[in-house]
Structures are given as structure tokens and as C-alpha cells.
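Summary of structural features
The lines below spell out each chain.
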Amino acid sequence: MKKIVVYPGSFDPVTYGHLDIIKRALKISDRVVVAVAHNMDKSPLFSVTERVAMIKKSVKGLKGVEVGDFDGLAVEYVRKKGARVVIRGLRMISDFEYEFQMALTNRRLADDIETIFMMPSESYSYLSSKLIKEAAFLGASLKGFVPSFVEKAIKEKLKLRRKA
Ligand code: ADP
């Protein structure tokens, strides 16, 4: 039987930290389904379609990665994909409380699904999509944080926002 894991998140946008976790997840599974959430954040920088497209482009060349999106409960999507495992990344102790709450809530909703936390390389342990957007807004280079086409897309978006 194929081991399938689901890695859900906002990915607004995908960073090298996310990609690091995807590669680690591939080491313990046959297939990683990266799942972009239609979440409650009312002002994401990128649409779900754009986020999915950017992840797809970033994982080109990695075997065993599928990219999708879901609306509603992550555990339902996990079941729909025939998986039993949710992957989440843990960077700092500050991630812990939220991740712990979410893992236990998911367990309450679906006791047959387990959450596995993976740590990124320490060079990505401080990286977040939020910080990257802020840095881009202030004109910083995003080299080493996101693929160059993602950096370009962020800067284009910010330009459009400034004009609006
Ligand atoms: P969410 O809104 O679901 O937290 P994110 O896109 O911010 O969505 O993150 C998705 C998952 O990836 C979360 O488990 C988060 O902790 C993890 N993650 C985000 N950035 C990194 C990083 N730099 N290294 C490792 N894990 C990360």
C-alpha cells in the first residue's frame, strides 16, 4: 500500500521553508499531497489558484508530489485523498501552541488521522510567508528565501496594491 501524507497550509506564498518540509516528507512517504487551504484570512496576497500554480512550479522535478486545494476541514480532505497522516512544519517554540491546538482538534475530529511534525533545516527556521511579504514590501531582496519567480510575483502584486 502506498504511504500518502497531506501537507496542508496557506502557502501565501510558498517559501524554501515549505519546500524543505516537502522534501523531508518525501523521505517518509511515497506521495506528498500539498494542500492549499481556502482559509479564513480575508486578504491573502495570492489567490488559491495562484498559490497552487506557484507550488506546482516549485516542486517540478520532485517525484511523488501532488498539489491541490481544499475548502472545509483538513481531515476530510486527508480522508478523501486516502491518507492517514497530516504533515506540519515546526519552526520555533512559538509555532508549538497553535500547532498543538490544531493537531488535538483534528484528533478530536478524526481519531484515525495522525499529525507528524517535521523541523526544517535551521537556515529556514525563522522563515515565514508573512515575514517575506513584509520584507518585500520594504524593498528587501528575497534571494535565498523563495524561488526567484515567486519573488517576482510578490513584487508584482505589491506594485498593483500600491497603485490601487
Ligand atoms: P498556515 O496558515 O496553515 O500556518 P503556512 O503556509 O504559514 O500556513 O504554513 C503551513 C505549514 O508549514 C505550517 O505547519 C507551518 O508551521 C509550516 N511552515 C511555514 N514556514 C515554514 C518554514 N520556514 N519551515 C518549516 N515549516 C514551515
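Rules used throughout
- Residues numbered from 1 in each chain as written.
- Predicted model: local features only at pLDDT ≥ 70, side-chain atom pairs only at ≥ 80, totals over all residues.
- Heavy atoms only, no water.
- 1 Å grid on protein atoms, 1.4 Å probe; cavity = no way out; pocket = protein on both sides within 12 Å on 5 of 7 lines; lining within 4 Å.
- Points joined across faces, edges and corners; volume = space filled by probe spheres on them.
- Helix = DSSP H or I, 4+ residues; strand = E, 2+ residues; numbered from the N terminus.
- Nonpolar A, V, L, I, M, F, W, Y, C, P; charged D, E, K, R; others polar.
- Patch = residues over 30% accessible without salt bridge, like charges linked within 9 Å, V, L, I, M, F, W, Y side chains within 5 Å.
- Areas by Shrake-Rupley, 256 points an atom, 1.4 Å probe, with all protein chains shown as cover.
- Salt bridge = Lys/Arg side-chain N within 4 Å of Asp/Glu carboxyl O.

Estimates place the volume of the largest pocket at around 1,200 Å³. Residue lining of the largest pocket: 45 residues in total, with Gly 9, Ser 10, Arg 88, Tyr 98 and Glu 99 positioned closest to the centre. Secondary-structure elements contributing two or more residues to the lining of the largest pocket are strand 1 (4–9), helix 1 (16–27), helix 3 (74–80), strand 4 (85–89), helix 4 (93–109) and helix 5 (129–137). The leading source of residues in the lining of the largest pocket is helix 4, at nine residues. Of the residues that constitute the lining of the largest pocket, the class distribution is 20 nonpolar, 15 polar and ten charged.

In this section: a nonpolar patch on the surface. A contiguous nonpolar surface patch, about 430 Å² in accessible area, is contributed by Ile 93, Phe 96, Phe 100 and Leu 104. Locating Phe 96 in the fold gives a position in helix 4.

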